[in-house]
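Close look at the chain arrangement
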Amino acid sequence: MRVLDAEFIKGFIRLATDGFNQGWHERNGGNLTYRIKTEEVNSVKENFNTNNPWMPIGTTVKGLALEYFLVTGSGKFFRNVELDPEVNIAIIEIDELGEHYRILWGLCEGGRPTSELPSHLMNHEVKKQQTNGLHRVIYHCHTTNVIALTFVLPLTDEVFTRELWEMATECPVVFPDGVGVVSWMVPGGRDIAIATSELMKKYDVAIWAHHGIFCSGMDFDLTFGLAHTVEKSAEILVKVLSIRPDKLQTITTKNFRDLAHDFKVTLPEQFLYEK
Ligand code: 2HA
Ligand code: ZN
């Protein structure tokens, strides 16, 4: 099969276009990676070029040895992914030590995988282990309202989770584990990758202060839907705070307990504090 005819490529491209249309991917902002299923690799491997050199990942991801990923390119614009996928995205393979990758398809005019490859792969490693292989997508985007909130709310998991949950009744059901927050850090390196992957042991969403969000999910719909829900909630909070600094009423701790009971979700006590 031609790579561009594969459903997993179409799903990846659709997410990139949807994210751009939401306004979360100015210029080369954001990045997306997908851990490809074995049968999907087999369906397109006749197109692979195995002559490219092995390159260092910049960290070690033993749990991802011999896995294949579809990734956005470093410096590439989400806006262009749909127009010219072969130039802007790539399929890569991880070596048996989890220390190097090589490009098998795509980035046909040159380039490297996303600058956030260490963060993406370390998050994939955590999520693959924690979900028994169910999570396959890691998505980083520059969600405007979430970023705005990182200037005015305390940068704690407790405050962000609770405030985002309160803004839309569906939120505790969509992200019952809550969200984690990373203070401002230099992007692209191992330190931010370690901090984010620590949070990913507990959460499916990590907020990077003054930068954006990182999220994880089983497929493209669920991962995009998660980012979309978090950002919509942040937008409502920005509006509420802009109208008046304090809420007249909200969803209460008791309301959250009732919701958890009826929807059969477990909400951590950490976030059910009385205000
Ligand atoms: O430019 O978003 O975090 C890509 C990024 C880096
Ligand atoms: Zn970014």
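Reading the values: rules and limits
- Residues numbered from 1 in each chain as written.
- Chains lettered and ligands numbered in written order.
- Predicted model: local features only at pLDDT ≥ 70, side-chain atom pairs only at ≥ 80, totals over all residues.
- Heavy atoms only, no water.
- Phe/Tyr/Trp six-rings, centres within 6.5 Å; stacked < 30°, edge-to-face > 60°.
- Lys NZ or Arg CZ within 6 Å of the ring centre and 35° of its normal.
- Helix = DSSP H or I, 4+ residues; strand = E, 2+ residues; numbered from the N terminus.
- Buried < 20%, exposed > 50% of the residue type's maximum accessible area, 1.4 Å probe, protein only.
- Near = heavy atom within 4 Å.
- Polar contact = N/O pair within 3.5 Å; in protein donor to acceptor, adjacent residues only side chain to side chain.
- Areas by Shrake-Rupley, 256 points an atom, 1.4 Å probe, with all protein chains shown as cover.
- Nonpolar A, V, L, I, M, F, W, Y, C, P; charged D, E, K, R; others polar.
- 1 Å grid on protein atoms, 1.4 Å probe; cavity = no way out; pocket = protein on both sides within 12 Å on 5 of 7 lines; lining within 4 Å.
- Points joined across faces, edges and corners; volume = space filled by probe spheres on them.

1. Section: the packing of aromatic side chains
Applying the stated criterion across every chain, the model contains ten aromatic pairs. Site record: aromatic cluster; members linked through ring pairs are Phe8, Phe12, Tyr34 and Phe220. Residue placement shows Arg162 over the ring face of Tyr273; its charged tip is 5.1 Å from the ring centre.

2. Describing unusual backbone geometry
With a phi angle near 70°, Leu66 is a residue other than glycine that sits in the positive phi range. For Leu66, the position within the fold is in the loop between strand E2 (55-56) and strand E3 (68-72). Classification of Leu66 as exposed rests on a relative accessible area of 54%. Of note, the phi angle at Asn132 is positive, near 60°, even though the residue is not glycine. If you trace the backbone, Asn132 turns up in the loop between helix H5 (117-130) and strand E6 (137-141).

3. Description of the site of ligand 1
Taken together, Asn28, Gly29, Gly30, Asn31, Glu116, His140, His142 and His211 are the residues near ligand 1. The separation between an oxygen atom of ligand 1 and a polar side-chain atom of Glu116 is 2.6 Å. The side chain of His142 places a nitrogen or oxygen atom 2.9 Å from an oxygen atom of ligand 1. When ligand 1 is considered free in solution it has 220 Å² of accessible area, and contact with the protein chains removes 85% of it. Of the residues contributing to the shell around ligand 1, the split by class is no nonpolar, seven polar and one charged.

4. Structural notes on the layout of surface pockets
Put simply, the largest pocket is a space of about 220 Å³. Around the largest pocket sit 15 residues that line it, and His135, Val174, Asp204, Ser216 and Leu226 are the ones nearest its centre. For the lining of the largest pocket, the elements supplying multiple residues, two or more each, are strand E9 (212-217) and helix H10 (220-243). Looking at the lining of the largest pocket, the element that brings in the most residues is H10, giving four residues. Taken together, the residues of the lining of the largest pocket sort by class into seven nonpolar, six polar and two charged.

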